[in-house]
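# Remarks on the overall topology
Now for the letters of each chain:
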Amino acid sequence: MRGRLIGLLLVIAGLAYPFAVYFGIERLPPQAFAALLGGLWLGRLLLGEQRPGSRWMALAALAFCLLLGLAGEPALLRWYPVLLSALLLGLFGLSLRFGPPLVERLARLREPQLPEVAVGYTRKVTQVWALFFLANGLVAAALTLWAPLAWWTLYNGLIAYALMGLLFAGEWLLRQRVRRSA
């Protein structure tokens with residue numbers, strides 16, 4: 001129960017993070033961000049469900065928070081979305097390499113006996129999500145390096161989530177068509 005609450009708080013913190021940076025970068029020291037994020041990631045590590053990749057993702061996020069806290073450099077705040085994209089790329093990508101693909105695992109929670117065509121489909125969807133997180137991370141990194149804070153905030157706080165939502169909805173619609181034709 002506590003693990004789920006911490007997971008929910010991490011999602012909320014992730015959604016609010018770009019706006020918190022935009023409005024707080026001049027008012028709060030980076031150590032405050034590091035303490036809040038670090039506390040949530042530590043809670044996830046200690047209390048969260050142990051799913052594939054959850055331990056190394058939490059450790060990587062904690063290492064980032066430690067670096068942010070020790071360096072105290074406000075510019076580092078803008079690298080957190082890049083880190084999250086890299087972690088998700090790693091999660092999806094490694095599942096393709098060491099299998100089963102992440103989307104297949106999720107599909108089997110709902111339908112344990114997936115037909116062979118669905119297994120191939122879930123592999124392709126996992127590849128698409130991996131490519132999305134690669135592209136998203138590259139855009140976030142470019143904005144971190146070369147764009148004003150307002151552009152970085154707009155992309156990481158709104159556009160990236162809209163693109164994720166469009167990808168999710170588009171895949172759902174495609175899945176419905178594939179199911180009907182199968």
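What you see is a predicted model; the values in this text were computed from it and never measured. (Residues numbered from 1 in each chain as written. Predicted model: local features only at pLDDT ≥ 70, side-chain atom pairs only at ≥ 80, totals over all residues. Heavy atoms only, no water.)

## Considerations on the overall build of the protein
Of regular secondary structure, the protein possesses 7 helices and 0 strands. Radius of gyration (C-alpha) of the protein: 18 Å, near the 16 Å computed for a compact globule of 182 residues. In the protein, which comprises 182 residues, the proportion classed as buried is 40%. Long-range pairs, those at least 24 residues apart, make up 69% of the contacts in the protein between residues at least 6 apart in sequence. Split by element, the accessible area of the protein, about 11000 Å² in all, is 71% carbon and sulfur. Charge-centre separation for the protein: the mean point of 17 positive side chains lies 4 Å from the mean point of 7 negative side chains. (Helix = DSSP H or I, 4+ residues; strand = E, 2+ residues; numbered from the N terminus. Rg over C-alpha atoms; globule rule 2.2 N^0.38 Å. Buried < 20%, exposed > 50% of the residue type's maximum accessible area, 1.4 Å probe, protein only. Contact = heavy atoms within 4.5 Å. Areas by Shrake-Rupley, 256 points an atom, 1.4 Å probe, with all protein chains shown as cover. Lys, Arg positive; Asp, Glu negative; His and termini not counted. Charge placed at Lys NZ, Arg CZ, Asp CG, Glu CD.)

## A short note on the nonpolar core
With 38 residues, the main nonpolar core has Tyr17 and Trp41 as its most contacted residues. Only helix H1 (2-24), helix H2 (30-47), helix H3 (54-71), helix H4 (80-98), helix H5 (102-110), helix H6 (116-146) and helix H7 (149-181) provide two or more residues apiece to this core. (Core = buried A, V, L, I, M, F, W, Y, C linked by side-chain atoms within 4.5 Å.)

## With respect to the UniProt feature "transmembrane region" (unreviewed entry) in the protein
Within the UniProt annotation, "transmembrane region" (unreviewed entry) is assigned to residues 28-47, 54-72, 78-98, 128-147 and 153-174. End C-alpha atoms of residues 28-47 are separated by 28 Å, and the span's content is 90% helix alongside 0% strand. As a span, residues 54-72 carries 95% helix and 0% strand, and end to end its C-alpha atoms are 26 Å apart. (UniProt positions renumbered as here; feature names shortened; annotations may be inferred.)

## Description of H1
Here H1 spans only 28 Å end to end across 23 residues, well under the 33 Å set by a 1.5 Å rise per residue. The largest bend in H1 comes to about 50°, at alanine 16, with the proline proline 18 one to four residues further on. Where H1 is concerned, the buried positions are Gly3, Ile6, Gly7, Leu10, Ala13, Gly14, Tyr17, Pro18, Val21 and Gly24. If you follow the buried residues of H1, they end up packed against H2, H4 and H7. (Expected span 1.5 Å × (residues − 1). Bend = angle between axes of the 7 residues up to and from the residue.)

## Overview of a nonpolar patch on the surface
Together, Phe19, Tyr22, Phe23, Leu154, Leu158, Ile159, Leu163 and Leu166 make up a nonpolar patch on the protein surface, roughly 750 Å² of accessible area in all. In terms of residue count, the dominant contributor to the nonpolar patch is H7 (5 residues). For tyrosine 22, the location among the structural elements is in helix H1. (Patch = residues over 30% accessible without salt bridge, like charges linked within 9 Å, V, L, I, M, F, W, Y side chains within 5 Å. Salt bridge = Lys/Arg side-chain N within 4 Å of Asp/Glu carboxyl O.)

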